[in-house]
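Here are the chains, one letter per residue:
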Amino acid sequence: LIHKSQRVGFEESLQEKVISKKQCIGCGVCVLVCPSNCIEHPENPRLAKKCSDCGLCARICPRYEFSDPNIEKMLFKDGHMLSEDFGRFRRIAIAKVNDESLLQRAQDGGVVSALLNYALTSKIIDGAIVSSTSAEKPLYPVPKLVSTPEEVAECAGARYCYSPNIMALKEAFEQKKKSIAFVGTGCQIHAMRKLEAVPIAKYSTFLKFSIGLLCADAFTYEGLMERYIQGTLGINLNEISKINIKGKIIVTKKSGETVTIPLNIAKQFVHDACISCTDFSSQFADISAGGLGLKNWTFVIIRTRIGEEIFEGAEKAGILKVGNLESQKDAFDILTRLSRRKKKLPI
Ligand SMILES: Cc1cc2nc3c(=O)[nH]c(=O)nc-3n(C[C@H](O)[C@H](O)[C@H](O)COP(=O)(O)OP(=O)(O)OC[C@H]3O[C@@H](n4cnc5c(N)ncnc54)[C@H](O)[C@@H]3O)c2cc1C
Ligand code: SF4
Ligand code: SF4
Ligand code: SF4
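Residues numbered from 1 in each chain as written. Chains lettered and ligands numbered in written order. Predicted model: local features only at pLDDT ≥ 70, side-chain atom pairs only at ≥ 80, totals over all residues. Heavy atoms only, no water.

1. Some points on the site of ligand 2
At step 1: Close to ligand 2 lie 14 residues; C34, C51, C54, G55 and C57 are nearest.
At step 2: Per-class residue counts for the shell around ligand 2 are 10 nonpolar, 3 polar and 1 charged. (Near = heavy atom within 4 Å. Nonpolar A, V, L, I, M, F, W, Y, C, P; charged D, E, K, R; others polar.)

So, in structure tokens, the structure goes:
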């Protein structure tokens, strides 16, 4: 039950304080939870019918009164270390998947897909929410619920435009999933934690663990992909096999040719709401994963007990190879710099 004082309608809360201020990231969680189904369009939420002012969308929106200390209290009870820059953690590692074909498909070291596959085959989870690509628009990210290692592998790799993965929780609920993993950028992990904190039991009791992607920015599809890469550079989006960001945007074509885009050019296509984001390292995920300039390795920040259990399980099962962290000063420097820049701390 929501107390009378918290019953604020969509127009006064999300529309006025989030959407019109360009703070809406398009996570879609308000669309998902509205009991009257009156919000439509997760990427650009608006009222489709009369709102009953129940106040739930305001309580759940990660961009409306998000409280770090409350979420921290819920997640971190003991046994962790604290970095002012990238949050709480139990262990840090660099790792890569041992399966060569998965490594080829993956964005960095394939750790995200490997952990999902380990959890699926060990029956720790019966589904995972990831991001796939649209059948109509090349490289356009769409949320997807997957249930097999083959499906996980098909969705490996990163698309640098926004994917409202939260929306796939509806399908997980409808399919009566019992235990699922969730993959998303930091803001989607915020939305997921709010579902647990409020709580919205329907969409949160089956959440077993989450993997948060390190994230400096997400780009608009219309700007980066259609207007710049297709329009200005003349690259057919169907010809692209991979896009990666390592100090610059590297577009690899299916022919093997690469084209690079300086980040200062790409900046104009950053999603408006990313500009005020303060969480580079997905601080509230069970495990955070990023590339941080590494080649074919994933940098992993293991934050919670369940995150540690999953990572160690995959390591012991021989699915992951763990590398030498000692020589990773450059990756730590990038992690520190980007985390501090987002938090507006002196660099
Ligand atoms: C928008 C975005 C920005 C990022 N920015 C940075 C950065 O600045 N620095 C950095 O070090 N790392 C960044 N990353 C993370 C990095 O690109 C890799 O995803 C990460 O290193 C994991 O690599 P992997 O090989 O272990 O993952 P893989 O095994 O390849 O798995 C990646 C998983 O991410 C999912 N995914 C793909 N695209 C999206 C999306 N748009 N939204 C949500 N889920 C998605 C896939 O479905 C897959 O499950 C970013 C990722 C995204 C999506
Ligand atoms: S009815 Fe829907 S749109 Fe209106 S306040 Fe409740 S959740 Fe928000
Ligand atoms: S940030 Fe998410 S919950 Fe908040 S208004 Fe936008 S789509 Fe809705
Ligand atoms: S920069 Fe922040 S708000 Fe933007 S997609 Fe990444 S985590 Fe979300």
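Once the structure has been displayed, the description carries forward.
2. Observations concerning the pattern of salt bridges
Side-chain pairing between opposite charges can occur once the charged atoms of the two side chains come close.
At step 1: By the definition in use, this model includes 16 salt bridges.
At step 2: Taking the shortest distance from any N to any O, the salt bridge between K246 and D108 comes out at 2.8 Å. Taken as a pair, K246 in the loop between β10 (240–245) and β11 (248–253) and D108 in the loop between α5 (100–105) and α6 (111–121) lie far apart in primary sequence, 138 residues in all.
At step 3: With a shortest N-O distance of 3.3 Å, D286 and R193 are connected by a salt bridge. (Salt bridge = Lys/Arg side-chain N within 4 Å of Asp/Glu carboxyl O. Helix = DSSP H or I, 4+ residues; strand = E, 2+ residues; numbered from the N terminus.)

3. Some points on the sheet that holds strand β5 (residues 91–97)
At step 1: Here we have 8 strands laid out as an open sheet, ordered β7-β6-β8-β9-β13-β14-β5-β15, and mixed in their pairing. Two strands bound the open sheet, and with one partner strand each, they are β7 (141–146) and β15 (320–322). Mean inter-strand twist for the sheet, computed between neighbouring axes without regard to direction, equals 30°.
At step 2: Relative to β7, strand β6 (residues 127–133) runs antiparallel, the two being bridged by 6 bridges. In the sheet register, S131 faces β7, and the bridge partner there is P143. (Pairing = 2+ DSSP bridges. Axes fitted to C-alpha atoms, helices over the stretch in contact; angles between N-to-C directions.)

4. Quick notes on the pairing of strand β13 (residues 287–290)
At step 1: Alternating residues of β13 divide into I287 and A289 and S288 and G290, and every residue in both groups is buried.
At step 2: With 3 bridges joining them, strand β9 (residues 207–213) and β13 adopt parallel strand pairing. Considered in β13, the bridge of L213 is made with A289.
At step 3: One ladder, built from 4 bridges, connects β13 with strand β14 (residues 298–302); its direction is antiparallel. (Buried < 20%, exposed > 50% of the residue type's maximum accessible area, 1.4 Å probe, protein only.)

5. A closer look at the site of ligand 4
At step 1: Contacts to ligand 4 come from 13 residues, most closely from R63, C187, C215, C274 and C277.
At step 2: Among the residues making up the shell around ligand 4, the classes are represented as 8 nonpolar, 2 polar and 3 charged.

6. Topic: the nonpolar core
At step 1: Counting residues in each nonpolar core, the largest one holds 53 residues, and the members touching the most others are I166, L169, L195 and I229.
At step 2: Ignoring anything within four residues of it in the chain, the contact list for L169 reads L32, I129, I180, L195, Y203, F206 and L207.
At step 3: Core analysis: the next-biggest nonpolar cluster, separate from the first, contains 34 residues, A114, C155, A181 and L320 among them. (Core = buried A, V, L, I, M, F, W, Y, C linked by side-chain atoms within 4.5 Å. Contact = heavy atoms within 4.5 Å.)

7. With respect to the sheet that holds β11
At step 1: The antiparallel open sheet is built from 3 strands, whose spatial order is β10-β11-β12. Where the open sheet ends on each side, the last strands, each with one partner, are β10 and β12 (258–262). The mean angle between the axes of side-by-side strands here comes to 20°, regardless of whether they run parallel or antiparallel.
At step 2: Bridge analysis of β11 against β12 gives 5 bridges, and the strand direction is antiparallel. Opposite K248, over in β12, you have P262 as the bridge partner.
At step 3: Of the strands in this sheet, β10, β11 and β12 are in contact with helix α11 (residues 221–232), which crosses β10 at around 110°.

8. Observations regarding the packing of aromatic side chains
Two measures describe an aromatic ring pair: the distance that separates the ring centres and the angle between the ring planes.
At step 1: For the coordinates displayed, the defined rule picks out 6 aromatic pairs.
At step 2: The interplanar angle of 50° and the centroid separation of 5.8 Å between the aromatic rings of F66 and F284 together place this pair among those described as tilted. Pair noted here: F66 is in the loop between α3 (56–60) and α4 (68–75) and F284 is in the loop between α12 (263–266) and β13, with a separation of 218 residues, a long-range link.
At step 3: The exposure class of F284 is buried, given its relative accessible area of 2%.
At step 4: A cation sits over an aromatic face here: K137 above Y140, 4.5 Å from the ring centre.
At step 5: The cationic tip of K202 hangs over the ring face of F173; the distance from NZ or CZ to the ring centre is 5.0 Å. (Phe/Tyr/Trp six-rings, centres within 6.5 Å; stacked < 30°, edge-to-face > 60°. Lys NZ or Arg CZ within 6 Å of the ring centre and 35° of its normal.)

9. Details of the packing of α4 against helix α9 (residues 186–197)
At step 1: Here α4 crosses α9 at 70°, and the two axes come no closer than 11 Å. When the axes of α4 and α9 are compared, the pair comes out roughly perpendicular. On α9, the residues touching I71, M74 and L75 of α4 are R193, E196 and A197.
At step 2: Looking at side-chain class alone, the contact of α4 with α9 contains 4 nonpolar, no polar and 2 charged residues. (Parallel < 35°, antiparallel > 145°, perpendicular 65-115°, else oblique.)

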